[in-house]
Amino acid sequence: MCPISNTNRHFNIGFRLTSKNRYSISKLYPLIGGILFKNFNELINNIEHLDVLIYSFMTMQRDNVLEEINKIIQTKKEKELENPILIAGGPHPSGNPKDTINMGFDYVIVGEGEITLPRLINKLKKEKVEERIIIGERVRNLDEYNKIYPMTPIEITRGCPFNCRFCQTPQIFGKDVRHRSIENIVKLVKNMGDLRFITPNAFCYGSKNGLKPNIEKLEHLLRELSKIKRRLFFGTFPSEVRPEFIKKETIELVVKYCDNKYLHFGAQSGSDEMLKYIRRGHTVDDVLNAIDLCVEYNLIPKVDFIFGFPNENEFHRKESIELIKYIIKKNGKVHAHYFMPLPGTYFENSSPTLLDKETLKILGKLSQKGLISGSWGYQYMKC
Ligand code: SF4
């Protein structure tokens, strides 16, 4: 049984804030207020004052969150507390809500939280809520959600029409792309230092279906942002672009309006066969073309790779290594990660393929020389 308050009264709300969930919490916190707990001990010391506690986390953080939830449940027992009610959302809870309930949460919001979280809290103030896994209603108009605290990069686009088999984004936010209006973006960034953005693919801004760039809209956005006279970063941290969206027309906009040194995009594999299998929707030639265009326009290509996909063999990996060597030769940067099956994705029940010794040796050497970075070593040890 989950503890449910049934009186209509003020609720004391707590949010667990970490470096990994700032982007999610900063969108929800302004909608309902409460206390942000950066420090877990502080949270435990204040637990008897809380009616509701909200977590948002990714699969990589699951074990740490579980440890905290066990401690919270134990403290509630020791102090004979009915509350706080524990609510979870974010990538892991959305992908595997049953696991999240089994971790000890009372409620899980699957998908987007802006509409559903305040609604759930209002209901909990008044009555018992039986349904514990709740599908989050999707926000239609991002402009209606324009308070962000703590300040993070601004989300300019939500949803992705692509279908990469390893990725949670279309499962959480759907395939329909929704763009924040230029007016709204310009208003929001006024309080920022450097201008940076959150989007599944920066070059899809303004595109109706997100499948190809809308150059006119992109230029309009970047022109307006460049008038703000702050450093403007687009298509680099924390958002990237898809390789086939890197064309003369898009890259020229970055060169004209932005302060980027890098253009960040995902290749994921150097094998066309593997790209097809993981449903990336682009080819190795698209990646090569993107690299060459970056070099031509004096931008450094920063390219992501994933090793250990299900059914990946040493020939696929050899092709990836060849592509990585090409990028290094062009003075580009490479991030290599080890595949992790994420809940809610096509691959959720698949296991990573173990890497052969030769691949590990080559990646290790490149990493030692500082030519590639990423968390593939750590993830390899964990799996
Ligand atoms: S990896 Fe990028 S392009 Fe592919 S589905 Fe995810 S967000 Fe979309």
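Residues numbered from 1 in each chain as written. Predicted model: local features only at pLDDT ≥ 70, side-chain atom pairs only at ≥ 80, totals over all residues. Heavy atoms only, no water.

Which parts of the structure should I look at to understand the overall build of the chain?
Along its length, the chain carries 15 helices and 14 strands. Expected size for 383 residues packed as a compact globule is a radius of gyration near 21 Å; at 22 Å, the chain falls within 12% of this value. When its C-alpha atoms are laid out on the principal axes, the chain stretches across 65 × 50 × 30 Å. Here the chain holds 383 residues, and the buried ones make up 53% of them. Here the chain carries 57 positive and 45 negative side-chain charges, and the mean point of each set is 3 Å from the other. (Helix = DSSP H or I, 4+ residues; strand = E, 2+ residues; numbered from the N terminus. Rg over C-alpha atoms; globule rule 2.2 N^0.38 Å. Buried < 20%, exposed > 50% of the residue type's maximum accessible area, 1.4 Å probe, protein only. Lys, Arg positive; Asp, Glu negative; His and termini not counted. Charge placed at Lys NZ, Arg CZ, Asp CG, Glu CD.)

It is not clear to me how the site of the ligand should be interpreted in this structure. Could you clarify?
Within the structure, the ligand sits among Cys160, Phe162, Cys164, Phe166, Cys167, Thr169, Pro170, Pro200, Arg242 and Arg280. For the shell around the ligand, a count of residues per class yields seven nonpolar, one polar and two charged. (Near = heavy atom within 4 Å. Nonpolar A, V, L, I, M, F, W, Y, C, P; charged D, E, K, R; others polar.)

Any chance you could explain the sheet that holds strand β14 (residues 372–373) here in plain terms?
To summarise the sheet geometry, strands pair through backbone hydrogen bonds and adopt either a parallel or an antiparallel arrangement. Reading across the sheet, the four strands line up as β11-β12-β13-β14 and stay open at both edges, with parallel pairing between neighbours. The sheet is open, and its two borders are formed by β11 (262–268) and β14, each paired with just one other strand. Pairing of β11 with strand β12 (residues 300–307) involves six bridges; the strand directions are parallel. Within β12, the residue paired with Tyr262 across the bridge is Ile300. (Pairing = 2+ DSSP bridges.)

Got a minute to help me understand the pattern of salt bridges in this structure?
Pairing of side chains with opposite charge becomes possible as their charged atoms draw close. Taken as a whole and assessed by the stated rule, the structure comprises 19 salt bridges. For Glu130, the salt bridge identified is with Lys128, shortest N-O distance 3.8 Å. Under the relative-accessibility criterion, Glu130 is labelled exposed at 60%. Glu219 is the salt-bridge partner of Lys256, the closest N and O atoms lying 3.5 Å from each other. With Lys256 in helix α10 (residues 248–257) and Glu219 in helix α9 (residues 215–226), this residue pair connects regions lying 37 residues apart in the sequence. Since its relative accessible area comes to 21%, Glu219 is described here as partly exposed. (Salt bridge = Lys/Arg side-chain N within 4 Å of Asp/Glu carboxyl O.)

Looking at this model, I keep getting lost on the pairing of strand β1 (residues 13–16). Mind explaining?
Every regular strand shows the same layout, with side chains that alternate between the two sheet faces. Burial along β1 is two-sided: Ile13 and Phe15 and Gly14 and Arg16, pointing in opposite directions, are all buried. Sheet topology note: the β1/strand β3 (residues 52–56) ladder contains three bridges and is parallel. Bridge pairing in β3 links Ile13 to Val52. Two strands pair when backbone bridges link them, and β1 and strand β2 (residues 35–37) are joined in this way by three bridges, in the parallel orientation. Counterpart to Gly14 in the pairing with β2 is Ile35. Once you follow β1 into helix α1 (residues 22–32) and on to β2, the crossover reads as right-handed. (Right-handed = clockwise from strand over helix to strand, strands pointing away.)

Looking at this model, I keep getting lost on the environment of Leu43. Mind explaining?
With respect to the secondary-structure elements, Leu43 resides in helix α2 (residues 40–45). Leu43 gets classed as buried once you look at its relative accessible area, which sits at 0%. Linking Leu43 and Phe15, residues 28 residues apart in sequence, is a C-alpha distance of 9.2 Å.

Before we go on, may I ask you to explain the packing of α1 against helix α6 (residues 116–126) in this structure?
Two quantities define a packed helix pair, namely the angle between the axes and the distance from one axis to the other. Interhelical geometry of α1 versus α6 gives an angle of 40 degrees and a closest axis separation of 10 Å. As the angle between them shows, α1 and α6 are arranged oblique. In terms of crossing hand, the pair formed by α1 and α6 is right-handed. Residue-level contacts link Leu28, Leu31 and Ile32 of α1 to Leu117, Pro118 and Ile121 of α6. Here the residues of the contact of α1 with α6 sort into six nonpolar, no polar and no charged. (Axes fitted to C-alpha atoms, helices over the stretch in contact; angles between N-to-C directions. Parallel < 35°, antiparallel > 145°, perpendicular 65-115°, else oblique. Left-handed = near helix turned anticlockwise from the far one by under 90°. Contact = heavy atoms within 4.5 Å.)

What is the right way to read α1 from this model?
Because each turn of an α-helix spans 3.6 residues, side chains separated by three or four positions end up pointing in the same direction. Of the residues making up α1, those classed as buried are Ile25, Ser26, Leu28 and Tyr29. Each element contacted by the buried residues of α1 is listed here: β1, β2, β3 and α6. Gly33 sits one or two residues past α1 and shows a positive phi near 70 degrees.

Looking at this structure, how should I read the UniProt feature "domain: Radical SAM core" (unreviewed entry) in the chain?
Under the UniProt annotation, the feature "domain: Radical SAM core" (unreviewed entry) is placed at residues 146–373. Each end of residues 146–373 is marked by a C-alpha atom, and these two atoms are 35 Å apart; helix forms 36% of the span and strand 14%. (UniProt positions renumbered as here; feature names shortened; annotations may be inferred.)

I'm lost on the confidence of the model for the chain in this one. Help?
Predicted coordinates in regions of low pLDDT should not be interpreted in detail. Summing up the model confidence of the chain, the mean pLDDT is 94 and the portion of residues at 70 or higher is 96%. This model gives residues 1–8 a pLDDT under 50, and the stretch forms 29 contacts once residues within four places in sequence are excluded. For the stretch residues 378–383, pLDDT sits under 50, and the model shows 12 contacts to residues farther than four places along the chain or on other chains. (pLDDT = per-residue confidence, 0-100.)

How do you make sense of a negative patch on the surface when you look at a structure like this?
On the surface, Asp272, Glu273, Asp285, Glu319 and Glu322 cluster together to form a negatively charged patch. For the negative patch, the elements supplying multiple residues, two or more each, are α11 (272–277) and α13 (314–329). Inspection of the secondary structure puts Asp285 in helix α12 (residues 284–296). Using a relative accessible area of 56% as the deciding quantity, one classes Asp285 as exposed. (Patch = residues over 30% accessible without salt bridge, like charges linked within 9 Å, V, L, I, M, F, W, Y side chains within 5 Å. Areas by Shrake-Rupley, 256 points an atom, 1.4 Å probe, with all protein chains shown as cover.)

Any chance you could explain the packing of aromatic side chains here in plain terms?
Remark: the centre distance and the inter-plane angle together describe each pair of aromatic rings, the angle taken between the planes. Considering all chains together, one arrives at 13 aromatic pairs under this definition. Between Phe203 and Phe234, the ring centres sit 6.4 Å apart and the planes meet at 35 degrees, which makes this aromatic pair tilted. Of this pair, Phe203 sits in the loop between β10 (197–198) and α9 while Phe234 sits in the loop between α9 and α10; the two residues are 31 residues apart in sequence, bridging distant segments of the chain. Grouping residues by exposure puts Phe203 and Phe234 together as buried. (Phe/Tyr/Trp six-rings, centres within 6.5 Å; stacked < 30°, edge-to-face > 60°.)

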